[in-house]
Amino acid sequence: MKSIIIKYSKYILTLLAVAAMAVGLLMPAQIKAADSYNKDKKGSITINLDDVKKANVSISIYQVASISHDGVNISFDIVSSLKSTGVDVNDITTSDKNLNSAKKLTTVIDNSGISSVTKKTDSNGKVSFTDLAQGMYLVEEKDSASYGMFSPFLVAIPYMEDGQNWIYDVET
């Protein structure tokens, strides 16, 4: 009897090891949670016209939506004076939607009562807007220049790029 147990012990150990591995595979894996959202954290937007390195280009930003957090998700609430545009700032999932929404907002922004912050680029074509409240911002160039103008666009502070980390400082 003792020789039978010794003979089959390597099979029993192998069976136990396989069973342990199977249980480990069937148990839910621990998923790394996204960085905690910080409702009080300020953000920034940095525009870099490095391809033309054009100094003294006026760039304006407007906060067009505030942010709401329900404990799990964030969403944006468009400023009441812009609701008539029909822009859904929570449905900007492609660059085309971003461009179209920004263009719609640009046509009414000057009459909306929303104030802007305007700065000029430095000698390297760079400008930064810092200490910004969380929300959605419309960015537009105010100068027509010999090299052309960039199209207006929308930027969210914060946004989640990789499903893991909140980005509060946007560079474009």
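As the structure is a computational prediction, the values presented were derived from the model and not from experiment.

## Notes on the pattern of salt bridges
Point 1. A full pass over the atoms with the stated rule returns four salt bridges.
Point 2. The partner of K39 in a salt bridge is D40, and the shortest N-O contact between them spans 3.4 Å. The pair K39 / D40 is uniform in exposure class, with both members exposed.
Point 3. Among the charged side chains, a salt-bridge network with shared partners connects D110, E140 and K142.

## Topic: the sheet that holds strand β10 (residues 169-171)
Point 1. The strand order β5-β1-β10 describes an open sheet built from three strands, whose pairing is mixed. This sheet does not close on itself; its edge strands, each paired only once, are β5 (126-132) and β10. Averaged over all pairs of adjacent strands, the angle between strand axes in this sheet comes to 10 degrees, irrespective of strand direction.

About the cut-offs
Along each chain, residue indices are assigned from 1 in the same order as the chain's sequence is written. Whole-chain, interface and lining totals are the exception, using all residues; otherwise, since this is a predicted model, local features are given only for residues with pLDDT of at least 70 and side-chain atom pairs are given and counted only at 80 or more. The side-chain quantities take in all heavy atoms of the structure and omit both hydrogens and water. A pairing counts as a salt bridge when a side-chain nitrogen of Lys or Arg comes within 4 Å of a carboxyl oxygen of Asp or Glu. Each residue gets one of three labels from its accessible area relative to the maximum for its type: buried under 20%, exposed over 50%, partly exposed in between, using a 1.4 Å probe on protein chains only. Two strands are said to pair when DSSP picks up at least two bridges between them. Only DSSP runs of H or I covering at least 4 residues are called helices, and only runs of E covering at least 2 are called strands; the numbering of each starts at the N terminus. Here an angle of 0 to 180 degrees is reported between the N-to-C directions of two axes, which are lines fitted to C-alpha atoms, with helices fitted over the stretch in contact.

Bear in mind that shape data such as this cannot, by itself, settle questions of function.
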